Amino acid sequence: MKYSGYHGRFGGAFIPEILVPTFDELEAAYLEAKADPAFWQEYEQLMSTYSCRATPITYAENLTKYFGGAQIYIKREDLNHTGAHKANNVMGQGLLTKRMGKKRVIAETGAGQHGVATATMAAKFGFDCTIYMGAVDVARQRPNVFWMEQMGATVVAVEDGSATLKDAINEAFRDWVTNMDDTHYVLGTACGPYPFPDMVSWLQSIIGKEAREQMLERTGQLPSRCYACVGGGSNAMGLFGGFFEDESVQLVGVEAGGHGRGIGQHAVRLAYDDATVGVAQGYKTYFLQNTDGQMQETHSVSAGLDYVGVSPILAALHESKRVRFEAATDAEVVEAMQLTVRKEGLIPALETSHGFAQAFKEAPEMSKDEIILINQSGRADKDIFTVADAIDDPKWKEFIIRKAEEYKRA
Ligand SMILES: *Cc1c(COP(=O)(O)O)cnc(C)c1O
């Protein structure tokens, strides 16, 4: 490969020898596309006709009044096709797959959002598509599996190990090693071996590029703080990517604080001291692991932030202090989401609502002249089961029970 893929002491590409030519090919395609203005033009054209780009920014007037501090603006990635910023990454990788002359894509997915996004892209581009998913996740994410199958993807339920995301990742890599000539592995976030963290961050930077221009046009000034939730880190890298050069803009990444402090209770890799630096899943970063390098249990109300590792680029930006990391608990997140729904009629996903929760802690202390920008990475339609449970809505429970009885009778 041309570059080592390190950011500070994080990143790299720890891959089996047999995959080296495939990674070389991918790096070359990525660097070529990045240097070719025609690629970005094609990408913008595709996203503007297929996925509602440029996504707008919305002034949250009611929330601003409610908190009485900084003016709150929201970047609307929830308006993308399939309901989140994930569309940016998968459609971009679809264009790269075409450039490499490959005809088949594979991906792994936990909650299923990245699987749906990848299956959508494959349907649009006419690629064969196989999605690896832990058997436990297949069982609990039927709505997403349903759409993947409708879109023509083969969903493989992985029974190995704990039958969840990390087992699906292993299986996807096994497939890639066997089929690398015609297959591209669509990694879902700014993690994994180089060039994935860099390539995914670059594709997602469309968010920040748009947002910076839109903020200047709308308000004549830059936001003093930008907030984004952090799972693997792709929507955060996307928004922050527009503002790295602007030293006056504070960048705040918000991780899943889950039930609160204590190993196994959360998925906080950077804001707390619970994670340590190690190499796993092909790259070096902070992982929630024990002293033997065994990955620890994590918990979050939002499946998309429930991950043991984090983007190596964000790990480096944490050490250089360019990005500040915070955590929001499940309870704070559900409350922030309900408040946003009630005050603005916007429905931020549970992942997204971590960013909102932290912004709501800080906005009241800031001056009315200041502006903050929150990335609404996705919408919460997918979260209706979890949210209805969390707020213990009796009418929802009644509806589900009635539905189940109808099926039983049929
Ligand atoms: C998947 C997902 C995330 C987490 O992924 P990142 O790579 O950290 O952005 C955040 N928000 C939404 C809505 C998601 O679907």
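Here the structure is a predicted model, which means the values were calculated and not measured.

J.: Tell me about the nonpolar core, residues and numbers included.
T.: Within the largest apolar cluster, 85 residues are counted, with the highest numbers of intra-cluster contacts made by W176, F240, L314 and L373. Top element by residues in this core is helix α5 (residues 113-125). It accounts for 6 residues. When residues are assigned to domains, this core turns out to be shared by domain 1 (6-48 + 85-200) and domain 2 (54-83 + 206-389), each giving three or more. Apart from residues lying up to four places away in sequence, L373 is in contact with I57, Y73, I74, K75, A211, M215, P223, R225, C226, Y227, L239 and F243. With 28 residues, the next largest nonpolar core counts F67, V301, L350 and A359 among its residues.

J.: Can you lay out helix α4 (residues 86-99) for me, pointing to particular residues and giving the numbers?
T.: With 14 residues, α4 should cover 20 Å at 1.5 Å per step; its first-to-last C-alpha distance of 20 Å lies within 8% of that length. Here α4 lies mainly inside the structure; 11 of its 14 residues are buried. Residues of α4 that are buried: A87, N88, N89, V90, M91, G92, Q93, G94, L95, L96 and T97. The positive-phi residue at the C-terminal boundary of α4 is G101, with phi of around 75 degrees.

J.: Could you give an account of empty space enclosed by the protein, naming the residues involved and the relevant values?
T.: Considering all chains together, one arrives at 1 cavity of 30 Å³ or more under this definition. Approximately 30 Å³ is the volume found for the largest cavity. If you go around the largest cavity, the residues you meet are Y50, S51, H81, T82, A87, V90, M91, A117 and T120. When residues in the lining of the largest cavity are grouped by element, the largest group, 3 residues, is from α4. Considering only residue class, the lining of the largest cavity consists of 5 nonpolar, 4 polar and no charged.

J.: How would you sum up the site of the ligand? Please name residues and give values.
T.: Around the ligand, a shell composed of 18 residues is seen, among which K86, T189, G231, G233 and S234 lie nearest. Between an oxygen atom of the ligand and a main-chain N or O atom of G231, the distance comes to 2.7 Å. One of the side-chain nitrogen or oxygen atoms of N235 is found 2.8 Å away from an oxygen atom of the ligand. Computed on the free molecule, the ligand has an accessible area of 380 Å², of which 96% lies beneath the protein chains in the complex. Going through the elements one at a time, α11 (234-240) and α14 (350-362) are the ones with two or more residues in the shell around the ligand. When grouped by side-chain class, the residues that make up the shell around the ligand number 5 nonpolar, 11 polar and 2 charged. Counting the residues that make up the shell around the ligand, at least three belong to each of domain 1 (6-48 + 85-200) and domain 2 (54-83 + 206-389).

J.: Describe the domain arrangement of the protein, listing the residues and the values that go with them.
T.: Looking at the assigned domains, one finds that the protein contains domain 1 (6-48 + 85-200) and domain 2 (54-83 + 206-389). Here the C-alpha centroids of domain 1 and domain 2 sit 23 Å apart. With 33 residues of domain 1 in contact, the opposing surface of domain 2 contributes 32 residues. For the pair domain 1 and domain 2, the two sides together bury roughly 2600 Å², of which 67% comes from carbon and sulfur.

What counts, and at which threshold
- Residues numbered from 1 in each chain as written.
- Predicted model: local features only at pLDDT ≥ 70, side-chain atom pairs only at ≥ 80, totals over all residues.
- Heavy atoms only, no water.
- Core = buried A, V, L, I, M, F, W, Y, C linked by side-chain atoms within 4.5 Å.
- Buried < 20%, exposed > 50% of the residue type's maximum accessible area, 1.4 Å probe, protein only.
- Helix = DSSP H or I, 4+ residues; strand = E, 2+ residues; numbered from the N terminus.
- Domains from an automatic or database assignment.
- Contact = heavy atoms within 4.5 Å.
- Expected span 1.5 Å × (residues − 1).
- 1 Å grid on protein atoms, 1.4 Å probe; cavity = no way out; pocket = protein on both sides within 12 Å on 5 of 7 lines; lining within 4 Å.
- Points joined across faces, edges and corners; volume = space filled by probe spheres on them.
- Nonpolar A, V, L, I, M, F, W, Y, C, P; charged D, E, K, R; others polar.
- Near = heavy atom within 4 Å.
- Polar contact = N/O pair within 3.5 Å; in protein donor to acceptor, adjacent residues only side chain to side chain.
- Areas by Shrake-Rupley, 256 points an atom, 1.4 Å probe, with all protein chains shown as cover.
- Buried area = accessible area lost by both parts, 1.4 Å probe.

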